Amino acid sequence: GTSAGAAPPISFNEALQYFQTADLSECRKKVRATVRRQGLAALIRFLFGPPRLQPQLQGERELALAMAQCGLDDNERVHMRILQTIYKKLTHSRLGCPRYGAHWEELGFQGADPGTDLRGTGMLGLMQILYFVMDSQMLPLAQEIFRLSQHETQARSSTSFPCSLQWYLTNFPFCIMSINITRIVIQALREERLSRECNRRQQVIAVLNDLYAAAFLQLYRVWKWQHKTIADSGFLLKELELSTKKKPKQLLKSLEAYVNRSPAADALRQPSPPSPSGGSRAGEEINFTGVCDLQVELEGEARLI
């Protein structure tokens, strides 16, 4: 409808307050807060694993995971305002847009209905995009990544024929990439890889948002400076998953340096070249990861929510 398009943009905090008071009881029933481990995996986790999330933060973790189980609802005005705000901030439009249509594909969704792309992340997937475009410190980064996602082609040397070039698509679907990053962040939370940082800051959702932005920044740098194409996206997401789970503190420090524009930020702008064994081999095609295709190797019975 047009009413949501005519409504003013919604801030992240206003949208979060809505979810804090909304009835998410059905969504909460589907939540599995942590990964279940059995046998040796459970013992190793107990002896050597990361710390548990403190009890006073478990409610906020449950809220985040409940939002990830909440689908986009056309009848919820706040849901529609979130969607419209994302559209306006990325396109610099002062006007709203139709609920369905090809304009969503221009933002990097897979089709005319963004709601179909949110499997596995639910409204948390949209909330993290909303945070990205509504936070004054994050907006320039979000816009820069969106511009990079719109880039069309670049030439690469072909190994099939000497002295020849092949043209590759360098653009990528911004919102689908974002949703994949949200899924990685959700799994890191469920595996308790973020508990130490959440306990230190006494926050959960803020840590999730910062890690999401930090992971997107890392992907942006690698994509831009190593001249990646859509053929590399599956490998890049897998590498980003490993970094997010194993080195969240390092990613967060990189984001902090970028935001503060310290001398360290300049040093972090261009990542080091990939190792000879890493990355995609010349001429090898790697399909882009769709919203439900990102496979995660976990212990025991773990799987994405």
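Residues numbered from 1 in each chain as written. Predicted model: local features only at pLDDT ≥ 70, side-chain atom pairs only at ≥ 80, totals over all residues. Heavy atoms only, no water.

1. What about the overall build of the chain?
Helices and strands together make up the secondary structure of the chain, namely 15 helices and two strands. A total of 305 residues make up the chain; the buried ones form 49% of that total. Here the contacts in the chain between residues at least 6 apart in sequence split such that 75% fall between residues at least 24 apart. Of the roughly 15200 Å² that the chain leaves accessible, carbon and sulfur atoms contribute 51%. (Helix = DSSP H or I, 4+ residues; strand = E, 2+ residues; numbered from the N terminus. Buried < 20%, exposed > 50% of the residue type's maximum accessible area, 1.4 Å probe, protein only. Contact = heavy atoms within 4.5 Å. Areas by Shrake-Rupley, 256 points an atom, 1.4 Å probe, with all protein chains shown as cover.)

2. Re the nonpolar core
The biggest cluster of nonpolar side chains holds 83 residues, and the ones touching the most others in it are Phe19, Ile82, Leu126, Met127, Phe132 and Phe216. Examining the composition of this core, we find that 14 residues originate from one element, helix H12 (residues 205-225), more than from any other. Aside from chain neighbours lying at most four places away, what touches phenylalanine 132 is Met138, Leu139, Leu141, Ala142, Ile145, Phe174, Tyr212, Ala213 and Phe216. (Core = buried A, V, L, I, M, F, W, Y, C linked by side-chain atoms within 4.5 Å.)

3. Considerations on the pattern of salt bridges
In this structure the tally under the stated criterion is 13 salt bridges. Among the ionic pairs, lysine 245 bridges to glutamate 241, the shortest N-O distance being 3.4 Å. Of this pair, lysine 245 and glutamate 241 both sit in helix H13 (residues 233-246), four residues apart, which is roughly one turn of the helix. Overall, lysine 245 belongs to the buried group, its relative accessible area being 8%. One salt-bridge network, in which partners are shared between bridges, spans Glu191, Arg193, Lys238, Glu241 and Lys245. (Salt bridge = Lys/Arg side-chain N within 4 Å of Asp/Glu carboxyl O.)

4. As for the packing of aromatic side chains
For the structure shown, the criterion picks out 10 aromatic pairs. Aromatic side chains phenylalanine 132 and phenylalanine 216 sit 5.5 Å apart centroid to centroid with 15° between the ring planes, which places their arrangement in the stacked category. Linking phenylalanine 132 in helix H8 (residues 122-134) with phenylalanine 216 in helix H12, this pair joins segments that are 84 residues apart in sequence. The pair phenylalanine 132 / phenylalanine 216 is uniform in exposure class, with both members buried. An aromatic cluster of three or more residues is present, and its members are Phe132, Phe146, Phe174, Tyr212 and Phe216. (Phe/Tyr/Trp six-rings, centres within 6.5 Å; stacked < 30°, edge-to-face > 60°.)

5. Focus on the side chain of glutamate 197
Of note, glutamate 197 is situated in helix H11 (residues 195-201). In this structure the side chain of glutamate 197 is engaged in a polar contact, spanning 2.7 Å, whose partner is the side chain of arginine 200. Non-local contacts of glutamate 197, meaning those with residues more than four positions away in its chain, are made with Val207 and Leu252. (Polar contact = N/O pair within 3.5 Å; in protein donor to acceptor, adjacent residues only side chain to side chain.)

6. Some thoughts on helix H14 (residues 248-260)
Taking 1.5 Å per residue, 13 residues should reach 18 Å; H14 reaches 18 Å between its end C-alpha atoms and fits that length. Taken together, the buried positions of H14 are occupied by Pro248, Leu251, Leu252, Ser254, Leu255, Ala257 and Tyr258. Downstream of H14 by a residue or two, arginine 261 has a phi angle that is positive, lying close to 55°. (Expected span 1.5 Å × (residues − 1).)

7. Focus on the packing of H12 against H14
At a minimum axis distance of 8 Å, the contact between H12 and H14 shows a crossing angle of 80°. Compared by their axis directions, H12 and H14 come out roughly perpendicular. Contact residues: H12 offers Asp210, Leu211, Ala213, Ala214, Leu217, Gln218 and Arg221, while H14 offers Pro248, Leu251, Leu252, Ser254, Leu255 and Tyr258. Partitioned by chemical class, the residues of the contact of H12 with H14 number nine nonpolar, two polar and two charged. (Axes fitted to C-alpha atoms, helices over the stretch in contact; angles between N-to-C directions. Parallel < 35°, antiparallel > 145°, perpendicular 65-115°, else oblique. Nonpolar A, V, L, I, M, F, W, Y, C, P; charged D, E, K, R; others polar.)

8. Here we look at helix H10 (residues 174-190)
Spacing of three or four residues puts side chains on the same side of an α-helix, whose turn is 3.6 residues. With 17 residues, H10 extends 25 Å between its outermost C-alpha atoms, agreeing within 8% with the 24 Å of an ideal straight helix rising 1.5 Å per residue. The element H10 is largely enclosed, with a buried count of 17 among its 17 residues. Glutamate 192 sits one or two residues past H10 and shows a positive phi near 65°.

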